[in-house]
Amino acid sequence: MSAAPVYLESIKSMAQKLQFLSYDSIQMDGMEIKSLWYQYKDLDFYYFETQDQRLVKLHVAAFGEVVEWNPFDGIRTGLIVQKEQAQGLFEVMHFDARPNRASIERVQSIIDNAGCLELSQKQKLQELFKGHKAAPRSVIRYLWQTISHFFKF
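Please read these numbers as outputs of a predicted model, since none were measured by experiment.

Parameters and conventions
Every chain begins its residue count from 1, and numbering advances along the sequence as written. Local features are withheld for residues below a pLDDT of 70 in this predicted model, meaning they are given only at 70 or higher, and side-chain atom pairs are given and counted only at 80 or more; totals for whole chains, interfaces and linings count all residues. Heavy atoms from the whole structure form the basis of all side-chain values; hydrogens and water molecules are not counted. Numbering goes from the N terminus for both helices and strands, where a helix is a DSSP run of H or I of at least four residues and a strand is a run of E of at least two. Burial status follows relative accessibility: with a 1.4 Å probe on protein chains alone, a residue under 20% of its type maximum counts as buried, one over 50% as exposed, and anything between as partly exposed. Every case where a carboxyl oxygen of Asp or Glu lies within 4 Å of a side-chain nitrogen of Lys or Arg is listed as a salt bridge. The criterion is simple. A nonpolar core is a set of buried Ala, Val, Leu, Ile, Met, Phe, Trp, Tyr and Cys residues joined through side-chain atoms within 4.5 Å. Note on definitions: a residue-residue contact is assigned when non-hydrogen atoms from the two residues lie within 4.5 Å. Should DSSP find at least two bridges between two strands, the strands are regarded as paired. Orientation is described by lines fitted to C-alpha atoms, with helices fitted over the stretch in contact, and by angles between N-to-C directions that extend from 0 to 180 degrees. Put simply, two rings from Phe, Tyr or Trp (the six-membered ring, in Trp's case) pair if the centres are within 6.5 Å, and we call them stacked under 30 degrees between planes, edge-to-face over 60, tilted for the rest. The criterion is that NZ of a Lys, or CZ of an Arg, lies within 6 Å of the ring centre and within 35 degrees of the ring normal, and then a charge sits over that ring.

Enquirer: Teacher, can you tell me more about unusual backbone geometry here?
Expert: The phi angle of most residues is negative, glycine excepted, and most peptide bonds adopt the trans form. A positive phi angle, near 65 degrees, is found at Gln53, a position not held by glycine. Within the secondary structure, Gln53 is located in the loop between β3 (43–50) and β4 (55–62). Even without being glycine, Phe63 reaches a positive phi, approximately 55 degrees. By the element assignment, Phe63 lies in the loop between β4 and β5 (65–70). Relative accessible area serves as the criterion here: at 51%, Phe63 is assigned to the exposed category.

Structural data, given as structure tokens:
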């Protein structure tokens, strides 16, 4: 039996220490959407759901890496990059052409080990990743990026 990589143990430990930070409720198109935000050090975990508890968005960021899910784009992975301008530093998300399996596995580990989430919440969030495939828009974007350099426009 091999030992788990250090970063994975660190992620598991951090997930166990996630703490509830904020709850917000907003009205959109006549529907109430609530957001729940949990945080521990460099780990941010938040999701949005409707009144009837349907997930609208999941966002997990750790160590500059981000994984998001929404019904339109599906699962997206990427990096958060800090850029400097005259007004100061700001963050920009750069998404991968296709979801990164290692990033998704880290988020699944975070969900499994999050001490602040009830079992029913964990199960609902894990359902997002079952049999995951790149969202159709992501596939089209990836294919276009792959073949577009063959054509001169």
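Enquirer: Which parts of the structure should I look at to understand the pattern of salt bridges?
Expert: If the charged atoms of two oppositely charged side chains come close together, the side chains can form a pair. All chains considered together, the criterion is met by 8 salt bridges. The shortest N-O distance in the salt bridge between Arg54 and Asp52 comes to 3.2 Å. Arg106 is the partner of Glu65 in a salt bridge, and the nearest nitrogen-oxygen pair spans 2.8 Å. Of this pair, Glu65 sits in strand β5 while Arg106 sits in helix α2 (residues 101–113); the two residues are 41 residues apart in sequence, bridging distant segments of the chain. Each of Lys57, Glu68, Asp73 and Arg76 takes part in one network of salt bridges that share partners.

Enquirer: I would appreciate a short explanation of the nonpolar core in the present structure.
Expert: Taken as a class, soluble globular proteins show a tendency for nonpolar side chains to be buried jointly. Counting residues in each nonpolar core, the largest one holds 25 residues, and the members touching the most others are Phe45, Tyr47, Leu58, Ile110, Leu125 and Phe129. When residues of this core are traced back to their parent elements, those giving at least two are α1 (6–16), β2 (31–40), β3, β4, β5 and α2. With near-sequence residues (within four places) excluded, Ile110 lies in contact with Ile11, Ala15, Leu18, Leu43, Phe45 and Val60.

Enquirer: So what exactly am I meant to see when it comes to the sheet that holds strand β6 (residues 74–85) here?
Expert: Strand pairing within a sheet occurs via backbone hydrogen bonds; the two strands may be parallel or antiparallel. In space, the 7 strands of this open sheet follow the order β1-β2-β3-β4-β5-β6-β7, with antiparallel pairing throughout. With one partner strand each, in any of the chains shown, β1 (19–28) and β7 (88–95) form the two edges of the open sheet. The average angle at which neighbouring strand axes cross in this sheet is 20 degrees, direction not considered. Judged from the 8 bridges that link them, β6 and β7 form a sheet pairing that is antiparallel. In the sheet register, Val81 faces β7, and the bridge partner there is Val92. Sheet strands touched by α2: β3, β4, β5 and β6. Its angle to β5, the strand with the most contacts, is close to 80 degrees.

Enquirer: So what exactly am I meant to see when it comes to the packing of aromatic side chains here?
Expert: Here the distance between the centres and the angle between the planes together describe a pair of aromatic rings. Tallied over the full model, the rule gives 4 aromatic pairs. Note on Phe20 and Tyr38: the rings are 5.7 Å apart at their centroids and 70 degrees apart in plane angle, and the pair reads as edge-to-face. Note that Phe20 is positioned in strand β1 and Tyr38 in strand β2, a separation of 18 residues in sequence. What makes Phe20 partly exposed here is its relative accessible area of 47%. With centroids separated by 6.2 Å and ring planes inclined at 65 degrees, the aromatic side chains of Tyr38 and Phe45 adopt a geometry described as edge-to-face. Comparing Tyr38 with Phe45, the two get one shared label, buried. Here a set of aromatic residues connected by ring pairs shows up, and it is made of Phe20, Tyr38, Phe45 and Tyr47. The aromatic ring of Phe95 is capped on one face by Arg76, whose charged end is 3.8 Å from the ring centroid.

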